[in-house]
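# Notes for the structure review
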Amino acid sequence: MSKTQEDIPKPSWARIAGFACYQGFVYAAFYLGTNHQMQLGPFSVERAELLLTLAFMVAAFIGERLAPDVAERALSRSGTLAAFAAFMSAGAAISAAPGTTAAEVAAEGLLIGAPMALTLMAWGKTLGANPPRLAATEIFAATGIAAACCFALWFAPEEIGLALRCVLPFAGVAFMEIARHEQSGMSETMHPTPIKPARARTLSTRMLAGALIFGLAAGFVETYRSDPGSLSTPTLPYAMFIMTLFCGGVLETLRASGERDTFSASYRIAFTLMLAGFLFAPVLVNVDITGDAIVLAGYLGLCAAFASLFCASAQLEGTSCALAFAQGFAVLYGGEALGIILANGLDATNSLNTTPYAAMATAGLAMVCAYVFLFTERDFSALSRVVDAAVDNTEDVKKAIAQAAALSARETEVLSLALRGRTNERIAQELFIAKSTADTHLRRIYSKCGVHSRQELLDLAEKTAASLRSRE
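The structure reproduced in this document is the subject of the present report. (Residues numbered from 1 in each chain as written. Predicted model: local features only at pLDDT ≥ 70, side-chain atom pairs only at ≥ 80, totals over all residues. Heavy atoms only, no water.)

## A closer look at the environment of Asp 379
Basically, it comes down to this: Here a strand is any run of E in DSSP of at least two residues, a helix any run of H or I of at least four, and the numbering for each starts at the N terminus. Each residue is assigned to one of three classes by its accessible area relative to the maximum for its type, calculated with a 1.4 Å probe on protein chains only: buried under 20%, partly exposed between the two thresholds, exposed over 50%.
Summarising the element assignment, Asp 379 is placed in helix 14 (residues 377-404). Residue Asp 379 is classed as buried on the basis of its relative accessible area of 5%.

Pasting the structure below:
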């Protein structure tokens, strides 16, 4: 079913700018620091700062699963989010200190990891309040902006880079508050209705299995990307440049009129990028754009693709998007941490120069297995089609109600906006009519539909959606 341009929800620049600030901080925290090595008895652990950050993030995600009600209330409070930003800023300042000790590396991981995970869940809640394709558009737009800014930050003086890293968490929280204020001006919206919820749950499980393997592969590469004491990601500008182009391509695909199955396109391109990096790593070892830069760009592209699917699967299963983000990224980042641990173990047992290439080959093989046997492109495409079907079902609900209640053309337009959460003032603005006229149209809609309030109208829409499903 085609939609007119006015039926398509518009992206929020507050959400895009805010999530770009968050993503930019993540990239800076993960890839702009130094490769710290920690001694654990006879073993040396490279990328200890990233490993500890990921470990604290996973712990925070698990904590959200154990106490979801407490976490939901905390993520809704501006003061709590501001405190998270302060902790992240303090962790960024510690990471820039020269001669960082093991205790300082652990403090950096705690100050950055736990609040960064909780802030990500808050962004999941904010982004997931919108239709899946709108959320995907905003996620890829924010990711592309963050990658472009991180590319520019690489060439900035160190003092400016540190100042921006300390400011980004606060800017992200400020934009989130603006976005939430925008959303508070809208009433509750009828979300897409799942067509086959059991199928969606199966696909979500397969998606998590694939995310674990992709995170594991990325963790392998993290260990061999640089030497202890040097920059953690010396090829970062190349990876960020490739990421910017990738996100631009995905956004163009999402923007294309009538385009379907775009989630699987982003998944396919990101996977191809990541795999190409593994394949060409030995060949590109003597050039600037090394294989690990391509792997990193592909992995970050997959992270954005998975974030979009976490939003979609949460709506299709009727669960909290914050909870979906906690579950999905716990698996993804847990896999990355496990990859770092396994690669360090492999390095400790093999002193030959072939170890990095063996790790790259192992990671690449794991990726191929995940793509072929776990969460395949066909699964990604199937979940995309479920999203499309659910959105189209919402349009069918509007048509069914309008026909059953014999609504006029103008009343049908008002009904469409009401089901999408517009307030009476917003309906009047979008249709270029007086608010009193919008109020009159809504009263007539309530009368013809046999309801007495906006909530009862939404309840009617949900019942109509269930009736349409039963006929399939």
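## What about the environment of Leu 111?
Selection rule: The criterion used for residue contact is that any of the two residues' heavy atoms lie within 4.5 Å.
Residue placement: Leu 111 occurs in helix 5 (residues 102-127). As a C-alpha pair, Leu 111 and Phe 56 span 55 residues in sequence and 8.9 Å in three-dimensional space. Once residues lying within four places of it in the same chain are set aside, the contact partners of Leu 111 are Phe 87, Met 88, Ala 90, Gly 91 and Ile 94.

## Some remarks on the pattern of salt bridges
What counts, and what does not: Put simply, a salt bridge is a Lys or Arg side-chain nitrogen that is within 4 Å of an Asp or Glu carboxyl oxygen.
What the rule picks out here adds up to six salt bridges. In this structure, Glu 413 and Arg 410 form a salt bridge, with 3.0 Å as the shortest nitrogen-oxygen distance. With Glu 413 and Arg 410 both in helix 15 (residues 409-419) and three residues apart, this pair spans about one turn of that helix. The class of Glu 413 is partly exposed, set by a relative accessible area of 31%. In this structure Arg 410 comes out as partly exposed when scored by relative accessible area, which is 32%. The residue Asp 439 makes a salt bridge to Lys 435 at a minimum N-O spacing of 3.0 Å. With Asp 439 and Lys 435 both in helix 17 (residues 435-449), this residue pair falls four residues apart, about one helical turn. Among the ionic contacts, a cluster of salt bridges with common partners joins Arg 47, Glu 49 and Glu 222.

## Side note on the nonpolar core
How we decide: Nine residue types can take part in a nonpolar core, namely buried Ala, Val, Leu, Ile, Met, Phe, Trp, Tyr and Cys, and a core is a set of them joined through side-chain atoms within 4.5 Å.
Formed by 111 residues in total, the largest nonpolar core has its most connected members in Phe 61 and Tyr 333. At 17 residues, helix 11 (residues 291-317) tops the list of elements feeding residues into this core. When neighbours within four sequence positions are excluded, Tyr 333 is seen to be in contact with Phe 30, Leu 54, Met 57, Val 58, Phe 61, Leu 120 and Tyr 299. With 24 residues, the next largest nonpolar core counts Ala 428, Ile 433, Leu 442 and Leu 457 among its residues.

## A look at the packing of aromatic side chains
For the record, the criterion: Two aromatic rings, drawn from Phe, Tyr or Trp (for Trp, its six-membered ring), form a pair once their centres lie within 6.5 Å of each other, and the interplanar angle then sorts them: stacked below 30 degrees, edge-to-face above 60, tilted otherwise.
Within the structure shown, the criterion is met by 16 aromatic pairs. Between Phe 151 and Phe 155, the ring centres sit 5.3 Å apart and the planes meet at 70 degrees, which makes this aromatic pair edge-to-face. A residue is classified by how much of its surface remains accessible, and Phe 151, at 30% relative accessible area, is partly exposed. Judged by its relative accessible area of 55%, Phe 155 is exposed. Aromatic pair Tyr 267 and Phe 306: ring centres 6.2 Å apart, planes at 70 degrees, arrangement edge-to-face. Note that Tyr 267 is positioned in helix 10 (residues 262-280) and Phe 306 in helix 11, a separation of 39 residues in sequence.

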